[in-house]
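# Results of the structural survey
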Amino acid sequence: EPEVTQTPSHQVTQMGQEVILRCVPISNHLYFYWYRQILGQKVEFLVSFYNNEISEKSEIFDDQFSVERPDGSNFTLKIRSTKLEDSAMYFCASSREIPYNSPLHFGNGTRLTVT
Amino acid sequence: SQQGEEDPQALSIQEGENATMNCSYKTSINNLQWYRQNSGRGLVHLILIRSNEREKHSGRLRVTLDTSKKSSSLLITASRAADTASYFCATDVRQGAQKLVFGQGTRLTINP
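Reference entry: report on the structure contained in this document. For every chain, the first residue of the written sequence is number 1, and numbering continues from 1 onward in sequence order. Each chain takes a letter, starting from A, and each ligand takes a number, starting from 1, following the order in which they are written. Note on the predicted model: pLDDT of at least 70 is required for a residue's local features to be given, and 80 or more for side-chain atom pairs to be given and counted; whole-chain, interface and lining totals, by contrast, use all residues. Calculation of side-chain values draws on the structure's entire complement of heavy atoms; hydrogens and water are dropped beforehand.

### Regarding the interface of chain A and chain B
Contact with chain A, which involves 23 residues of that partner, is made by 25 residues of chain B. Simply put, the buried area is the total loss of 1.4 Å probe accessible area from both parts when two parts are fitted together. Between chain A and chain B, a total of about 2,100 Å² is buried, with carbon and sulfur atoms accounting for 51% of that surface. The largest contributions to the chain A side of the interface with chain B come from A:Lys42, A:Glu56 and A:Tyr100, which together make up 33% of the buried area. Salt-bridge detection follows one rule: a side-chain nitrogen of Lys or Arg within 4 Å of a carboxyl oxygen of Asp or Glu. Along the contact surface separating chain A from chain B lie one salt bridge. One salt bridge connects A:Glu56 with B:Lys99, and the closest N-O pair in it is separated by 3.8 Å. In protein, a polar contact means a hydrogen-donor-capable atom and an acceptor-capable atom, both N or O and within 3.5 Å, with residues adjacent in sequence counting only if both atoms are side-chain atoms; elsewhere, any N or O pair within 3.5 Å suffices. Where chain A packs against chain B, one counts eight residue pairs in polar contact (both at pLDDT 80 or more). The secondary structure listing takes helices from DSSP runs of H or I that are at least 4 residues long and strands from runs of E that are at least 2 residues long, numbered from the N terminus. The set of elements that each furnish at least two residues to the side of chain A that touches chain B consists of β4 (31-37), β5 (43-50), β6 (53-57) and β9 (88-95) of chain A. Among the residues forming the side of chain A that touches chain B, the class breakdown is 14 nonpolar, seven polar and two charged. In what follows, a contact means two residues having at least one pair of non-hydrogen atoms within 4.5 Å. Throughout, the ten residues Ala, Val, Leu, Ile, Met, Phe, Trp, Tyr, Cys and Pro are labelled nonpolar, Asp, Glu, Lys and Arg are labelled charged, and all others, Gly among them, are labelled polar.

### Digging into the pairing of strand β6 (residues 55-58) of chain B
Residue and element names in this part refer to chain B. Strands qualify as paired when DSSP identifies two bridges or more between them. Looking at chain direction, β6 and strand β7 (residues 61-66) are connected through four bridges and run antiparallel. When the bridges of β7 are listed, Glu55 appears paired with Thr64. Counting the residues in the hairpin turn of β6 and β7 gives two residues, including Gly59, whose phi is positive at 60 degrees.

### Re the environment of A:Arg96
Residues and elements named next belong to chain A. Looking at the secondary structure, you find Arg96 in the loop between β9 and β10 (105-106). For every residue, the accessible area (1.4 Å probe, protein chains only) is compared with the maximum for its type, and the residue is labelled buried under 20%, exposed over 50%, or partly exposed between those bounds. The exposed category is assigned to Arg96, whose relative accessible area is 52%. For the pair Arg96 and Phe106, spaced ten residues apart in the sequence, the C-alpha separation amounts to 12 Å. In this structure, Arg96 is in contact with Asn28, His29, Leu30, Tyr31 and Ser102, ignoring residues within four places of it in sequence.

### Some details on the packing of aromatic side chains
Working definition: rings of Phe, Tyr and Trp (its six-membered ring) pair if their centres are within 6.5 Å, and the pair is stacked with planes under 30 degrees apart, edge-to-face with planes over 60 apart, and tilted otherwise. Applying the stated criterion to the full structure yields 13 aromatic pairs over all chains. Relative to A:Phe106, the ring of A:Phe91 lies with its centre 6.4 Å away and its plane at 80 degrees, an arrangement referred to as edge-to-face. Taken together, the residues span a long stretch of sequence, with A:Phe91 in strand β9 and A:Phe106 in strand β10 at a distance of 15 residues. In textbook terms, an aromatic cluster arises when at least three aromatic residues are bridged by ring pairs, as seen for A:Tyr33, A:Tyr35, A:Phe45, A:Phe91, A:Phe106, B:Tyr35 and B:Phe102.

Below, the structure written as structure tokens:
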């Protein structure tokens, strides 16, 4: 069964550095998402992406964050200048249809540690 | 309170017993979904129930939806140790929303 893959599984970076988290969504899916989960807390929506543009974003997704689908298969999340509070699990997800009408398929996440 | 709130926050039962988790939400919804998360892993979709449905089954899972009370329940029958995980409900928050909002989750522990 096709699955969403994320790399790396664990990323350690110093505060102020840029990080890029990578995802390969399921190939025939049209909607793409990033969520994050701080240890022991709820899964928080960051951004959704459809038709090569951001369709919705949360308050968390400020100017330090950006997403890109550079080549039709990869979907990336960039954090320009990481802060300690960016430490979390970052999950990429994709769906075939609009999210309320279709299951989201999640990757296994990238654990980002900012020191 | 938040859009999706699960209750209880944690539940510990013996293998073979049934586990019931509840979810309440605030806004009108199109559908409600339940997901499972094993420790340190991504979320796995379990079941989607539409706003015009009242009950749905999938294997040992039974989901109910009461739109008048803005609540849903997930019942896992004949629990197994492998069911140990966190369970989340997720909803859209308005017409045309391009996101799902997840609740805090219920941490379910099945004791052998």
